[in-house]
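The primary structure of each chain is shown beneath.
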Amino acid sequence: MQDIVDDPFPDDEAMRRLWLAAWGDAGPESFQPILARSLAHVCAQDGSRLIGFVNVAWDGGIHAFILDTCVDPDYRQRGIALRLVARAAELARQRGAQWLHVDFEPHLEAFYRKAGFGPTAAGLMRLAP
């Protein structure tokens, strides 16, 4: 059974293991500054193993943003990501956000529609090469 945990502040080693499995790279040097500035973050755990993550960034006001939704490939297709996003949305609402935004690549559209997000136009500017 996988547990969904609010704001557990996983250490960098656990985050790096998940990030490498989910994204194929080690991620930032440290995840701690990111977690400290978040409105919320939600993790999925199988025992002590970190198997899923979603971050809720915010503007300090009424807008929150889902970032970095990921699940370890060994645990995908079990509804864990939907549970993570649903809990993240609830925490954002409880903590004062009135809008929850998400950007995603086209192949993830069905997932985010299923999670409750409606279509909207958005823009994106790449700042790094």
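All of the points below concern the structure found in this document. Keep in mind that this is a model prediction, so the values were computed, not measured. (Residues numbered from 1 in each chain as written. Predicted model: local features only at pLDDT ≥ 70, side-chain atom pairs only at ≥ 80, totals over all residues. Heavy atoms only, no water.)

**Notes on the sheet that holds strand β4 (residues 63–71)**
Link 1 in the chain: With mixed pairing, five strands are arranged side by side in an open sheet as β1-β2-β3-β4-β5. Looking at the sheet topology across the chains shown, the edges are occupied by β1 (3–6) and β5 (99–102). Taking the axes of each pair of neighbouring strands and ignoring which way they run, one obtains an average angle of 25° across the sheet.
Link 2 in the chain: Bridge count between strand β3 (residues 49–58) and β4: six bridges; the pairing is antiparallel. Bridge pairing in β4 places Ala 57 opposite Phe 65. (Pairing = 2+ DSSP bridges. Helix = DSSP H or I, 4+ residues; strand = E, 2+ residues; numbered from the N terminus. Axes fitted to C-alpha atoms, helices over the stretch in contact; angles between N-to-C directions.)

**Looking at helix α3 (residues 80–94)**
Link 1 in the chain: Spanning 15 residues, α3 covers 21 Å between terminal C-alpha atoms, matching the ideal 21 Å at 1.5 Å per step.
Link 2 in the chain: Along α3, the residues classified as buried are Ile 80, Ala 81, Leu 84, Val 85, Ala 88, Leu 91 and Ala 92. Angular distribution of buried residues about the axis of α3 spans 130°; they occupy a single face of the element. For α3, exposure combined with an orientation more than 90 degrees from the buried face picks out Arg 93 and Gln 94.
Link 3 in the chain: Each element contacted by the buried residues of α3 is listed here: β1, β2 (40–46), β3, β4, β5 and α4 (109–114).
Link 4 in the chain: One or two steps after α3, the chain reaches Gly 96, where phi turns positive at roughly 105°. (Expected span 1.5 Å × (residues − 1). Buried < 20%, exposed > 50% of the residue type's maximum accessible area, 1.4 Å probe, protein only. Arc of directions from axis to C-beta. Contact = heavy atoms within 4.5 Å.)

**So, the pairing of β2**
Link 1 in the chain: Counting buried positions along β2 gives six out of seven residues, so the element sits mostly inside the fold.
Link 2 in the chain: Sheet analysis places β1 next to β2, joined by four bridges and oriented antiparallel. From the neighbouring strand, Ile 4 faces β2, where its bridge partner is Ala 44.

Such coordinate-based values are descriptive only and should not be taken to indicate function.
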